[in-house]
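# A look at the structure
What follows is the residue order along each chain.
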Amino acid sequence: MNSKNRTRVLTGITTTGTPHLGNYVGAIRPTVQASRDSQTDGFYFLADYHALIKCDEPARIQRSTLEIAASWIASGLDPEKVTFYRQSDIPEIPELTWLLTCVTGKGLLNRAHAYKAAMDKNNAAGHDTDADVTAGLFMYPVLMGADILMFKAHKVPVGRDQIQHIEMARDMASSFNHLYGEHFVLPEAVIEESVALLPGLDGRKMSKSYDNTIPLFAPAAQMRKQIAGIVTDSKAPGEPKTTEGSALFQIYQAFASACETAAMAQAYAEGIGWGDAKQMLFERIDREIAPMRERYQDLIDHPDQMDKILLAGADKARQLATPFMRELRHAVGLRALSSGSAAVATPEIKAALPSFKQYREKDGQFYFKLVDAQGQVLLQSLGFASPKDAGQTIAQLQTAGLHDLSNWSQVLEALSPEKERSALNALGKLINS
Ligand code: TRP
């Protein structure tokens, strides 16, 4: 299917930690599954510029990037099918960040939850409001806006805590579009409601900040040992157990089929010992993870392979980012001094795109023309029998990779070479927009 018609789904993963079972169940597994849908055009990236905001240990950033990338690939993400890259391999991202910075109200950023939380914490502790707050933290939403807007993402799957950032990206896109013409797609957040929040070893949500995680690709022996450490109550073997509030049961459920889950519930009711239940949990998880572990280890042992995959992904991403950035630079006026409209006065006129106009003539036939923002006719069609025919030709012109217009002579009035060049130019702008 033509990538133009697919829904573009984009999400980023900050590279500060080692993936754990909670990440797998909550993000990696559902995302890999969704990425197989032929209707979606997936963009998944390692947000390592974002990682710098939270982490100043170079070795940890590097290691985490490798571990997260290897986890996604080992879990089945197909880098041939999706675009999988490292944010810092795309120099257009920080460049776009600046353009967006210049259309983003400081007041908007003042209201960002993460920044407000940092201020509240400082205020509560009696410190200066901005103590230890870097400009990076403050600018976090703009960098994230650049990630999203660069690739014209329609849908952005994120956790609840990120919804505000997507809304801010929409604000930035609207402001920019308003000032410079329609360049950006307004993205939408997608919150996956059905995905389980996995409890950790202590029963609270599995999270690095609670230090209660089970690493996704720990060696089997280590995983078994950690599973043995999941908190349970002190009921003896033979005593019936309740599934409600049991972290062990919830983790089991996240990996098991409905049928297996029912069997486990039955075993609880019949008083399965905690040691046996933990063994069942380990075996169930390992059944899913073990086949991926080898690929993971192979990538960890050969980071050059991972570099290659990511650089190929960046190449793919830059095939979009580079021309788009060129268009955006042009739009804001960062352009060759010899290029056209240096003297054109109003920004509205500069920014507006050329457009197709359809109409009917006295001869009963249907026509269209392509006019630029100043109303100048760039292309003139011949007559069509129906408006549908005219519309289809317009659609073809808008999607075809055009190099010359000579093979359109059945449907268009002839042009001088010079006029043809400006018409092609205008069409190019439309196609890219
Ligand atoms: N801020 C996101 C998080 O912490 C990571 C991220 C960075 C992201 N850029 C993004 C997510 C763009 C979605 C789209 O989870």
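Everything here concerns the structure above.
Residues numbered from 1 in each chain as written. Predicted model: local features only at pLDDT ≥ 70, side-chain atom pairs only at ≥ 80, totals over all residues. Heavy atoms only, no water.

Attention shifts here to the packing of aromatic side chains. Tallying each qualifying case throughout the model produces 16 aromatic pairs. Measuring from ring centre to ring centre gives 4.8 Å for Y115 and F138, while their planes differ by 75°; the resulting arrangement is edge-to-face. Of the two residues, Y115 is situated in helix α6 (residues 113-124) and F138 in helix α7 (residues 135-150); the sequence distance between them amounts to 23 residues. Taken individually, Y115 and F138 each receive the classification buried, so the pair is uniform in this respect. Ring geometry for F176 and Y180: centres 4.8 Å apart, planes at 50°, overall tilted. With F176 and Y180 both in helix α8 (residues 163-180), this residue pair falls 4 residues apart, about one helical turn. Of the residues examined, Y180 reaches a relative accessible area of 24% and is grouped as partly exposed. Here R29 stacks its cationic end above the ring of F255, 5.3 Å away from the centre of that ring. (Phe/Tyr/Trp six-rings, centres within 6.5 Å; stacked < 30°, edge-to-face > 60°. Helix = DSSP H or I, 4+ residues; strand = E, 2+ residues; numbered from the N terminus. Buried < 20%, exposed > 50% of the residue type's maximum accessible area, 1.4 Å probe, protein only. Lys NZ or Arg CZ within 6 Å of the ring centre and 35° of its normal.)

Turning our attention to the site of the ligand. The ligand sits among 14 residues. The nearest are H50, Y140, M144, D147 and Q162. Note that a nitrogen atom of the ligand is positioned 2.6 Å from one of the side-chain N or O atoms of Y140. Here a nitrogen atom of the ligand and a side-chain polar atom of D147 are 2.7 Å apart. Calculation on the ligand without its partners gives an accessible area of 360 Å², and the protein chains cover 88% of this total. For the shell around the ligand, the secondary structure elements donating two or more residues are β1 (7-14), β2 (40-47) and α7. Tallied by class, the residues present in the shell around the ligand amount to 8 nonpolar, 5 polar and 1 charged. (Near = heavy atom within 4 Å. Polar contact = N/O pair within 3.5 Å; in protein donor to acceptor, adjacent residues only side chain to side chain. Areas by Shrake-Rupley, 256 points an atom, 1.4 Å probe, with all protein chains shown as cover. Nonpolar A, V, L, I, M, F, W, Y, C, P; charged D, E, K, R; others polar.)

Looking now at the pattern of salt bridges. On inspection of all chains with the given rule, the structure shows 15 salt bridges. For E260, the salt bridge is made with R287, and the minimal N-O distance between the two is 2.7 Å. Of this pair, E260 sits in helix α11 (residues 258-269) while R287 sits in helix α12 (residues 274-301), and the two are 27 residues apart along the sequence. The network of salt bridges with common partners includes R6, R8 and D41. (Salt bridge = Lys/Arg side-chain N within 4 Å of Asp/Glu carboxyl O.)

Most peptide bonds are trans, and most residues other than glycine sit at a negative phi. Residue K152 is not a glycine yet carries a positive backbone phi of 50°. Its location among the elements puts K152 in the loop between α7 and β4 (155-157). For D211, which is not glycine, the phi dihedral falls at a positive 55°. Structurally, D211 is set in the loop between β5 (188-190) and α9 (220-228). Taking relative accessible area as the criterion, D211 reaches 70% and is therefore assigned exposed.

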